[in-house]
Amino acid sequence: MGQGVRVNVEYVSANPTGPLHIGHCRGAVVGDALANLMTKAGYSVTKEYYINDAGNQITALAWATYWRYLQAIGTDLSEEAYAEEVPGGLQYRGDYLVPVAEALAATHGGALATPEKGIAAPDVWFHTVRECALEMMMASVREDLAILGVKQDVYSSERALAEAGATDRMIERLRGDGLIYEGVLEPPKGKTPDDWEPREQTLFRATQFGDDVDRPLRKSDGSATYFANDIAYHDDKLRRGADILIDVLGADHGGYVKRMTAATKALGGRLDVLLCQIVHVLKDGQPLRMSKRAGTFITLRDLLDEVGPDAVRFTMLTRKSDAQMEFDIAAAVAQTRENPVFYVQYAHARCRSVLRAAAEMFGAAVDAGGLGEIPLESLADDAEMTLIRRLASWPRAVEAAALAREPHRIAFFLYDLAGDFHTLWNRGREDAALRFLQPDRVTESLARVALVAATATVIRSGLAVMGVEPVEEMR
RNA sequence: GCACCCGUAGCUCAAUUGGAUAGAGCACCAGACUACGAAUCUGGGGGUUGGAGGUUCGAGUCCUUCCGGGUGCGCCA
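Residues numbered from 1 in each chain as written. Chains lettered and ligands numbered in written order. Predicted model: local features only at pLDDT ≥ 70, side-chain atom pairs only at ≥ 80, totals over all residues. Heavy atoms only, no water.

### Things to note about the side chain of histidine 408
Piece 1. Along the polypeptide, histidine 408 turns up in helix α16 (residues 408–430).
Piece 2. Beyond its immediate chain neighbours, meaning those up to four positions away, histidine 408 contacts Leu317, Arg319 and Lys320. (Helix = DSSP H or I, 4+ residues; strand = E, 2+ residues; numbered from the N terminus. Contact = heavy atoms within 4.5 Å.)

What follows is the structure in structure tokens.
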């Protein structure tokens with residue numbers, strides 16, 4: 001279906017200012033599964049991560065890391081005294097910066113501070129600290145993603161792009177198209193910021209492409225907005241060779257969809273946005289509330305340790321991404337039918353179990369390739385036909401899901417398929433004639449083995465799209 | 001105030017993109033284990049798809065409006 005069409009799927013793209021948390025998890029899983037799904041449907045897919053390594057939050061990260069560094073070399077400075085010296089205040093206080101500080105202390109000793117272990121001039125330490133922090137944060141992000149089973153093809157740097165002049169070039173290009181002007185925006189109705197005052201900014205005519213208001217590309221001091229850099233980045237993705245761009249974003253970026261879609265249109269490209277709504281994590285029936293300030297946010301790593309990557313991924317895909325979801329930790333690890341992960345895995349394990357028994361009973365006829373020649377006319381029972389129909393609808397289900405950008409459909413398909421298979425299996429308990437393996441009826445048995453093998457293949461294939469490992473046996 | 005997302009069985013969610021009688025699981029009721037693994041399965045009850053209009057041969061799906069929940073709204077990213 002997607003033959004020749006090049007798709008760029010961008011997802012996660014978390015700011016490298018700390019470890020990934022649950023809020024990032026859904027986007028990571030949905031984006032990865034969508035990319036796999038598009039690949040399965042025949043598109044040529046690039047998986048991409050956008051590193052927001054420019055802007056104030058990275059400066060704040062550097063200052064926070066520097067505080068930990070001063071601590072690591074044994075400063076006398078109090079946290080309060082330090083925070084007063086930080087432009088904008090000390091924003092990140094998490095322990096996760098301690099290893100970065102230790103690495104800095106190990107490499108540079110006290111050289112990044114004054115002899116009294118106080119704050120040195122920024123040109124002494126800032127660049128070094130920022131680069132080290134960025135590098136180690138991204139390494140930790142990648143590590144977490146690897147455990148989740150996510151590996152992206154391209155990691156793009158916002159700063160590198162901006163420093164190469166991409167933002168300026170993009171603005172001039174749009175200016176040439178008559179889409180840029182200098183002007184003053186109206187304050188938002190009903191919720192005017194306290195410090196509002198009219199300022200002239202460089203604006204993009206987003207309203208010409210369906211947005212509600214024109215959007216600023218330069219702040220009043222002339223520096224580029226995040227949006228401007230992001231347009232340049234989307235332009236870069238298009239130029240690298242992509243026919244369709246897909247952004248997987250968190251719900252807090254909902255207000256961003258129209259303007260980015262509009263901007264991509266202005267660049268002559270196409271952007272689809274998948275919005276992943278909030279996930280509420282339940283533990284023992286109680287919602288876990290995330291708060292960065294209180295330090296109680298759940299990291300992705302915590303969740304993976306507790307639930308395991310397969311259950312995390314499957315469970316995240318049991319809901320349409322634009323609907324809010326509850327993630328019940330207990331339910332995700334439950335070994336019952338209520339848990340789709342288990343139910344589907346169990347179906348696959350049963351398939352494999354039958355195939356192992358069949359190989360022992362019938363030998364070489366069951367091996368790969370041998371089943372293709374088996375006459376299948378004997379498969380006529382209702383339960384068998386239901387299963388066959390389901391299997392036959394697999395390619396269409398993949399296409400429809402890819403077209404709709406809805407990877408969760410694969411999870412539901414597999415759940416239904418597993419149900420069909422379990423039903424057939426259990427028919428064999430009531431009616432011995434429906435059992436898969438019957439030593440005295442080789443042809444019928446092999447036809448059923450072929451059906452079981454096909455079921456295992458489709459389950460395996462669907463799980464691969466979701467990034468979940470099929471299991472050979474439950475234990 | 002404005003924009004976007006959601007509202008479907010008591011609960012958690014589907015519905016092949018506008019198609020036939022809206023489907024699953026949990027919970028509830030009634031059944032099935034001398035097994036190719038019952039960690040399962042079979043059957044049953046349960047619905048004015050948040051409300052009201054409209055488009056259509058046909059609407060959970062599209063349009064208008066209201067109600068409720070969520071997210072966001074220049075010089076953060």
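### Observations concerning the sheet that holds strand β6 (residues 215–218)
Piece 1. An order of β4-β5-β6 is seen for the three strands of this open sheet, with the pairing classed as antiparallel. If you trace the sheet from one side to the other, it starts and ends with β4 (180–184) and β6, each paired once. In this sheet, neighbouring strand axes are inclined to one another by 55 degrees on average, regardless of whether the strands run parallel or antiparallel.
Piece 2. As judged from the three bridges shared by strand β5 (residues 200–204) and β6, these two strands associate in the antiparallel manner. Considered in β6, the bridge of threonine 202 is made with arginine 218.
Piece 3. The strands touched by helix α7 (residues 166–176) are β4, β5 and β6; relative to β4, the strand with the most contacts, the crossing angle is about 95 degrees. (Pairing = 2+ DSSP bridges. Axes fitted to C-alpha atoms, helices over the stretch in contact; angles between N-to-C directions.)

### Thoughts on the protein's contact with RNA strand B
Piece 1. Around RNA strand B, the surrounding shell holds 60 residues, and the nearest of these are Trp196, Arg199, Asp322, Arg409 and Arg435.
Piece 2. Those atoms of RNA strand B that come within 4 Å of the protein belong to sugar or phosphate at a rate of 61%.
Piece 3. Contacts to RNA strand B include glutamate 197, whose backbone N or O atom sits 2.9 Å from a base nitrogen.
Piece 4. Here aspartate 322 contributes a backbone N or O atom positioned 2.4 Å from a sugar or linking oxygen of RNA strand B.
Piece 5. No other element matches the nine residues that α16 contributes to the surface near RNA strand B.
Piece 6. The residue inventory of the surface near RNA strand B, partitioned by class, reads 19 nonpolar, 17 polar and 24 charged. (Near = heavy atom within 4 Å. Polar contact = N/O pair within 3.5 Å; in protein donor to acceptor, adjacent residues only side chain to side chain. Nonpolar A, V, L, I, M, F, W, Y, C, P; charged D, E, K, R; others polar.)

### Examining unusual backbone geometry
Most peptide bonds adopt trans geometry, and most residues besides glycine take a negative phi value.
Piece 1. Phi at serine 13 takes a positive value of approximately 45 degrees, unusual for a residue other than glycine.
Piece 2. Residue position: serine 13 is located in the loop between β1 (6–10) and α1 (22–40).
Piece 3. At lysine 117, a residue that is not glycine, the phi angle is positive and equals roughly 60 degrees.
Piece 4. Given a relative accessible area of 35%, lysine 117 falls into the partly exposed group. (Buried < 20%, exposed > 50% of the residue type's maximum accessible area, 1.4 Å probe, protein only.)

### Focus on the confidence of the model for chain A
Piece 1. Across chain A, pLDDT averages 89, with 95% of residues at or above 70.
Piece 2. In the predicted complex, the global pTM is 0.93; the interface-specific ipTM is 0.91. (pLDDT = per-residue confidence, 0-100.)

### Topic: the nonpolar core
Considering soluble globular proteins, one finds that nonpolar side chains tend to be buried as a cluster.
Piece 1. If you look at the biggest cluster of nonpolar residues, it comprises 89 residues, and the most contacted ones within it are Val312, Phe327, Ile410 and Met466.
Piece 2. The contact partners of methionine 466, leaving out residues within four places of it in the chain, are Ala33, Arg313, Phe314, Leu317, Ile410, Ala411 and Leu414.
Piece 3. Grouped together as the second largest cluster of nonpolar side chains are 28 residues, Trp67, Ile73, Tyr82 and Phe126 included. (Core = buried A, V, L, I, M, F, W, Y, C linked by side-chain atoms within 4.5 Å.)

### Some thoughts on helix α10 (residues 300–307)
Piece 1. By the burial criterion, the buried members of α10 are Leu300, Leu303, Leu304 and Val307. One side of α10 carries all its buried residues, which in axial view fall inside an arc of 100 degrees.
Piece 2. Its buried side turned inward, α10 meets α1, α5 (122–148), α11 (309–316), β11 (325–328) and α12 (329–333).
Piece 3. Downstream of α10 by one or two residues, glycine 308 has phi in the positive range, about 90 degrees. (Arc of directions from axis to C-beta.)

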